[in-house]
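# Summary of structural features
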Amino acid sequence: MAFCIALNVSMGQIASLLKIPLYLDMVGTILCAVLAGPAPAMITAIAANILAAPLGSPSMIFFIPVGITVALVSSAWARVGAFRRWWTAIASGIVLGVISATVSAPIATFVFGGVTFAGTDLLVAVFRGAGFPLLQSVWLQGLTSDTIDKAISYSLVSSVIAGLPSRLLLRFRSRKDRPDVSMES
Amino acid sequence: MIREPRTAVVLIVAAAPLMLSPLGLAILIFIAWQLPFTPFFRPNSAQRKSAWDRFQRSSLAFVVVAVVINGTFGAGERMFQSPVGQLSIDGLEFGLQTSLRLVVITTAAILYILPLSSLDLANRLRSWRLPAGIPIALLLALQILEHLPGDVRRIQDAQTSRGIMIRGAFLPTLRGLRMLVSPLIFRSLSASVDRAVGFQLRRLYLSNFPGTSLPIALRPAPGLLSLAMTVIVWSTFLFGILVWMGIAPYVI
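Quick caveat: nothing in here was measured; it's all calculated off a predicted structure.

A word on the overall build of chain A. Check the secondary structure of chain A and you find eight helices and zero strands. Element order for chain A, N to C, with α for helix and β for strand: α-α-α-α-α-α-α-α. Taking all 185 residues of chain A together, 59% fall into the buried category. The long-range share in chain A, meaning contacts at least 24 apart out of those at least 6 apart in sequence, stands at 68%. Summed over all atoms, the accessible surface of chain A reaches about 7,000 Å², with 67% contributed by carbon and sulfur.

Here we come to the nonpolar core. With 72 residues, the main nonpolar core has Met11(A), Leu31(A) and Leu177(B) as its most contacted residues. Excluding its chain neighbours within four sequence positions, the residues that come into contact with Leu31(A) are Phe3(A), Cys4(A), Leu7(A), Val157(A), Val160(A), Ile161(A) and Ile185(B).

Time to look at the confidence of the model for chain A. Across chain A, the average pLDDT comes to 81, with 84% of residues at or above 70. The secondary structure element of chain A with the lowest average pLDDT is helix 8 (residues 166-173) of chain A, at 70, and the one with the highest is helix 4 (residues 64-79) of chain A, at 92.

It is worth spelling out the pairing of strand 1 (residues 79-82) of chain B at this point. A regular strand carries its side chains on alternate faces of the sheet. Residues and elements named next belong to chain B. Pairing geometry for strand 1 and strand 2 (residues 85-88), over four bridges, is antiparallel. Residue pairing for strand 2: Ser82 is matched across the bridge by Gly85. Counting the residues in the hairpin turn of strand 1 and strand 2 gives two residues.

We describe a pair of aromatic rings using the distance from one ring centre to the other and the angle between the two ring planes. All names here are of chain A. What the rule picks out here adds up to two aromatic pairs over all chains. An angle of 40° between the planes, with centres 4.7 Å apart, marks the rings of Phe83 and Tyr154 as tilted. Of this pair, Phe83 sits in the loop between helix 4 and helix 5 (86-110) while Tyr154 sits in helix 7 (residues 134-163); the two residues are 71 residues apart in sequence, bridging distant segments of the chain. For Tyr154, a relative accessible area of 0% gives the class buried. Ring centres 6.1 Å apart and planes at 75° place the aromatic pair Phe127 and Phe132 in the edge-to-face group. The class for Phe127 is buried, based on a relative accessible area of 19%.

About the cut-offs
- Residues numbered from 1 in each chain as written.
- Chains lettered and ligands numbered in written order.
- Predicted model: local features only at pLDDT ≥ 70, side-chain atom pairs only at ≥ 80, totals over all residues.
- Heavy atoms only, no water.
- Helix = DSSP H or I, 4+ residues; strand = E, 2+ residues; numbered from the N terminus.
- Buried < 20%, exposed > 50% of the residue type's maximum accessible area, 1.4 Å probe, protein only.
- Contact = heavy atoms within 4.5 Å.
- Areas by Shrake-Rupley, 256 points an atom, 1.4 Å probe, with all protein chains shown as cover.
- Core = buried A, V, L, I, M, F, W, Y, C linked by side-chain atoms within 4.5 Å.
- pLDDT = per-residue confidence, 0-100.
- Pairing = 2+ DSSP bridges.
- Phe/Tyr/Trp six-rings, centres within 6.5 Å; stacked < 30°, edge-to-face > 60°.

Shown next, in the form of structure tokens:
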């Protein structure tokens, strides 16, 4: 769980280091949800969003409900085996993207007025310029960027789990009430 | 009295737009009242100091970018012909208002969080009767965070020496990300176990494992001053949100 918190906070920095135009800031939460279940994943999301504030992403503290949603939905997807194949991981990531865009849009709109210290603020301005109201503009921006981001995050977690040795995965699978993380060969 | 002048400057700059309304002036006085406490708003580690400096630098750039973007793409009836093209006055105002709102909210949040030491945070969480694993996970995460950038660089160099290019075009980089994250997970998991043993040895994690009887040296809490700071910062923060959500009156 500690590593997943650190991974959440630092994944954005890794993405910018590799010059990838994505957030990837929920990879730790998704990984924790798949390996350890919903409760540790929710704690991971809350802790990571709080820790991100003094480490350069101050607005993250207000997006804790989004992190909790990602933890719950990812855990549910893991239970039905969505991470066992890359294409189901991508499809479920797109669904999560729509859900998280819907949850984050009111926060971004009513707390921040649609401006959140991210490069995607440009998209909000473009949608507003096209005549959409602010809430809809923020939601459309989330729909555009979150679906891609979450689909890639899910495929990344799926491929990381596929690469983990079974010795390590058994540590998680041996416990009751944990999601199915077995991979198809 | 103010030994941290940059903190004061940021507070005043961030609160300056509030002066445009009578209520804003009241808020400014309210914020200014906490300036004598700014010596206590000191980041307590080099990493947090660097985060604070980064935030200060990025805030101004962020406000400028938000104003320009909204002025260029924003819709509205009032338009202004600038040398670089037509700008929307409504867009400019919207960009200024929202970006300054974010700067003020985040400044309040950051000022509250930065001076907290991780050990104080962990002990406070434990005093709330939260499971012992939560504070320990937070402390571990902070330690891992400190070492993670170095680990990433080492793994990247190692993979490059094996012929796996992690940097480059978008799709190969995405594929290479797995080669970076998987070893990072292994490395961090083993490091977490070592560090957790270290915490147990300091009796930070009360579990069935044997610990030592060595007491932990805790910093004394500032008591009344800490309470006053907490009340001031959080009431400013919450009042600001109420103003900007339109629940409290605000005129610009």
